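In case you want the letters, here they are:
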Amino acid sequence: MSTRLLPLLIVLMAAVLLALGVPLGVSVARAEQQKVVIDRIDDTARFASLAQFVTEDGSGGSRRTDTDERLETLQTELTSYYEVYGIKAGVFYRNHIPMANAPTTWFLPQAGEVRDSFDEALLSRRSHDPAQVWPWQDGTLVVASPVIRDGDVVAVVVTESPTDSMRSSTLRGWLVIGAGEVAAMLLAVGAALRLTGWVLRPVRVLDATTHDIATGRLKSRVAPSGGPPELRRLARSFNEMADHVEDVLEQQRAFVADASHQLRNPLAALLLRIELLALELPEGNEEIASVQTEGKRLARVLDDLLDLALAEHSQADLKVTDVGALAAERVAAWSPTADVKGVRLVGDCPPTTGWADPVALSSALDAVIDNAVKFTPHGESVRVEVASTGDAATVVVTDNGPGLTDEELTRVGDRFWRSGRHQNINGSGLGLSICRALLAAGNGSISFGHHEPHGLRVTVTVPRTGTVPKEPERVYGLTDR
């Protein structure tokens, strides 16, 4: 969730900083240009005041032969101004003839921004503010002011300024803004990390606790501390729900275990009386034989129910186990049973270590091998293979029996479920449920699949590294498909 929430917060904060930074950058650029423009206006006003008292009228296109000290002073000021600042400046009569200019080779162009500013100043007003010059533009700033004598515009002062210094100053201002934006963004990202961590930490704890409970660690609880009040309240509600669910499951386990245990004694007494009754009936009586068979089947169901209740409640004794040696031992133990049925039981069990409860794993393998031998026809084979796959050790049991359909594979391992094709084979339908509970207690698992060309493939998996065991643990018993 943090990978989705954090980018959203960062994008929003970046948008806010961008919305603030762009206008600020524009404002800095305009302020820098306005400062230059005001400075040029002051300069042109000063030059206009000097030109106002120059007596030369410019009507003949040439200067008078006698010396005009004011004109010389104006020319000297313009020349010094150009040499010091590199700004072109000139005073031009209405007929475009220069009164004084620096450099002396600079004249009014026929068109362009300088000419437009000159024409506007002839109307007795200062030219409008020039267009904004951005740092990436190589332009000039033109400012013109009229020279007024006796209420008439007799000349115009024009300055054309290079913008290198102004653009550099604007760029420096932008760099300062950019550095501030980067610093603010880093600060915002840090704040977003803290905020998302503060908000999502209870969610992650709740998710981990939910996973623990879903996989069997029913004692796991959420510590209701930190995070928003709503999530703290959710944590308390979750703990109350988990307590209630644990109590219900505990009552269910206790009921199954107690019922199975309490029913065994009366059932044993009933079976004994049936045996005594069978002695008084003719030998080979089908009804009494059927009653005895059903009674024994009921006794097996009660034993399996008790085994299942213990499997979901006891604690596993996990240790480093040689899975290959244990599987080879179970293959040897079941070989006589397979031989009696005419099934060939083959084991390929190289030494492979795993983290498991040896007794629980043995019971689970007994259940799986028993099923495989039970459902494999005469003359076929059952194969047990041990392998290591990185972080896990696997025991794969394959048979050449009738197998299961895709729909049946989704239900195999459910309590009391048996395939409709196998109802005439002894079993209670609890064996694989017990096997699954045994393996889950040690963080192991069992899966089912098809074996080509026909048959069932059962994979028992245990971890190769030590982990904290789950609460529901081991039991011993056989399984039935």
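Note that the coordinates shown come from a computational prediction; the quantities given were computed from them, not determined experimentally.

**Quick notes on the overall build of the protein**
On a plain count of helices and strands, the protein comes out with ten helices and eleven strands. Residue burial in the protein is summarised as follows: out of 481 residues, 42% are buried. Here the contacts in the protein between residues at least 6 apart in sequence split such that 69% fall between residues at least 24 apart. A total accessible area of about 25800 Å² is found for the protein, and carbon and sulfur atoms account for 58% of it.

**Some details on the packing of helix 7 (residues 323-341) against helix 8 (residues 358-375)**
Where helix 7 meets helix 8, the axes come as close as 10 Å, and the angle between the chain directions of the two elements is 30°. The element helix 7 and its partner helix 8 pack so that their crossing is right-handed. Contact residues: Val323, Leu326, Ala327, Arg330, Trp334, Ala338 and Lys341 in helix 7; Pro358, Leu361, Ser362, Leu365, Asp366, Ile369, Asp370, Val373, Lys374 and Phe375 in helix 8.

**A look at the sheet that holds strand 3 (residues 140-149)**
Across the sheet, four strands lie side by side as 2-1-4-3; this open sheet has antiparallel pairing. The open sheet has two edge strands with one neighbour each: strand 2 (98-102) and strand 3. Here the average twist between neighbouring strands, direction ignored, is 15°. Bridge analysis of strand 1 (residues 88-93) against strand 2 gives four bridges, and the strand direction is antiparallel. Bridging across to strand 2, Gly90 finds its partner in Asn101. Across the sheet, helix 3 (residues 113-121) lies against strand 1, strand 3 and strand 4 (152-162), angled at about 25° from strand 3, the strand it touches most.

**A short note on the nonpolar core**
Counting residues in hydrophobic clusters, the biggest one holds 37 residues, and the most contacted among them are Leu345, Leu361, Val395, Val397, Ile446 and Val460. Broken down by secondary-structure element, the contributors of at least two residues to this core are helix 7, helix 8, strand 8 (381-389), strand 9 (392-399), helix 10 (431-441), strand 10 (445-450) and strand 11 (456-463). When residues in this core are grouped by element, the largest group, nine residues, is from helix 8. Setting aside chain neighbours within four positions, we find Val395 in contact with Val323, Ala327, Leu365, Val384, Glu385, Val386, Val458, Thr459 and Val460. The next biggest cluster of nonpolar side chains, apart from the first, holds 18 residues, and it includes Ala51, Leu74, Leu78 and Val157.

**Brief notes about the packing of aromatic side chains**
For any pair of aromatic rings, the description consists of the separation of the ring centres together with the inter-plane angle of the planes. Per the stated rule, a full pass over the model turns up six aromatic pairs. On the numbers, 5.1 Å between centres and 80° between planes, the contact of Phe47 with Tyr81 is edge-to-face. In this pair, Phe47 sits in helix 1 (residues 2-51) while Tyr81 sits in helix 2 (residues 69-85), placing the two residues 34 residues apart along the sequence. Judged on exposure class, the residue Phe47 and its partner Tyr81 are both buried. Plain terms: the ring middles of Trp136 and Trp174 are 6.0 Å apart, the flat faces sit at 45° to each other, and that makes the pair tilted. Of this pair, Trp136 sits in the loop between helix 3 and strand 3 while Trp174 sits in helix 4 (residues 164-214), and the two are 38 residues apart along the sequence. Residue classification places Trp136 among the exposed positions, given a relative accessible area of 62%. You can call Trp174 partly exposed: its relative accessible area is 23%. Within the aromatic cluster, the residues linked to one another by ring pairs are Phe47, Tyr81 and Tyr85.

**Thoughts on the side chain of Arg167**
Its location among the elements puts Arg167 in helix 4. Looking at Arg167, the relative accessible area reads 14%, which means it is buried. Among the polar contacts listed, one links the side chain of Arg167 to the side chain of Asp164, at a separation of 2.5 Å. Setting aside anything within four residues of it in sequence, one finds Arg167 in contact with Val133, Trp134, Pro135, Gln137 and Asp138.

**Let's talk about the sheet that holds strand 8**
A sheet is described by the order of its strands in space; here five strands give the open sequence 6-8-9-11-10, paired in mixed fashion. Here the strands that pair on one side only, and so sit at the sheet edges, are strand 6 (344-348) and strand 10. Neighbouring strand axes in the sheet, compared pairwise and without regard to direction, differ in orientation by 15° on average. Bridge analysis of strand 8 against strand 9 gives eight bridges, and the strand direction is antiparallel. Pairing of Val386 across the sheet is with Val395, part of strand 9.

**Quick word on the pattern of salt bridges**
Evaluation of the coordinates by the stated rule reveals eleven salt bridges. In this structure, the salt-bridge partner of Asp243 is Arg221, at a minimum N-O distance of 2.6 Å. Linking Asp243 in helix 5 (residues 229-280) with Arg221 in the loop between helix 4 and helix 5, this pair joins segments that are 22 residues apart in sequence. Among the residues examined, Arg221 registers a relative accessible area of 26% and is labelled partly exposed. A cluster of three or more residues bridged by salt bridges with shared partners is formed by Asp39, Arg40 and Asp43.

**Regarding unusual backbone geometry**
Cis rather than trans, the peptide bond between Ala102 and Pro103 has omega equal to -5°. With respect to the helices and strands, Pro103 occurs in the loop between strand 2 and helix 3. The phi dihedral of His96 is positive, around 75°, even though this residue is not glycine. Relative to the helices and strands, His96 is located in the loop between strand 1 and strand 2.

**Topic: helix 2**
With 17 residues, helix 2 ought to run about 24 Å at 1.5 Å a step, and its terminal C-alpha atoms sit 24 Å apart, in line with that. All of the buried residues along helix 2 are Leu71, Leu74, Gln75, Leu78 and Tyr81. All buried residues of helix 2 fall inside an arc of 125° around its axis, so they share one side. With respect to the buried face of helix 2, the exposed residues turned more than 90 degrees away are Glu69, Glu83 and Val84. Once helix 2 ends, the next one or two residues include Gly86, with phi positive near 70°.

**Overview of the pairing of strand 11**
Counting buried residues in strand 11 gives seven out of eight residues, a clear majority hidden from the surface. Sheet topology places strand 9 next to strand 11; seven bridges connect them, and they run antiparallel. For Thr394, the partnering residue across the bridge sits in strand 11 and is Thr461. With six bridges connecting them, strand 10 and strand 11 associate as antiparallel partners. Within strand 11, the position partnered with Ser445 by the bridge is Thr461. Between strand 10 and strand 11, which pair antiparallel in sequence order, lie five residues; one of them, Gly455, sits at a positive phi of approximately 125°.

Criteria and cut-off values
Residues numbered from 1 in each chain as written. Predicted model: local features only at pLDDT ≥ 70, side-chain atom pairs only at ≥ 80, totals over all residues. Heavy atoms only, no water. Helix = DSSP H or I, 4+ residues; strand = E, 2+ residues; numbered from the N terminus. Buried < 20%, exposed > 50% of the residue type's maximum accessible area, 1.4 Å probe, protein only. Contact = heavy atoms within 4.5 Å. Areas by Shrake-Rupley, 256 points an atom, 1.4 Å probe, with all protein chains shown as cover. Axes fitted to C-alpha atoms, helices over the stretch in contact; angles between N-to-C directions. Left-handed = near helix turned anticlockwise from the far one by under 90°. Pairing = 2+ DSSP bridges. Core = buried A, V, L, I, M, F, W, Y, C linked by side-chain atoms within 4.5 Å. Phe/Tyr/Trp six-rings, centres within 6.5 Å; stacked < 30°, edge-to-face > 60°. Polar contact = N/O pair within 3.5 Å; in protein donor to acceptor, adjacent residues only side chain to side chain. Salt bridge = Lys/Arg side-chain N within 4 Å of Asp/Glu carboxyl O. Expected span 1.5 Å × (residues − 1). Arc of directions from axis to C-beta.

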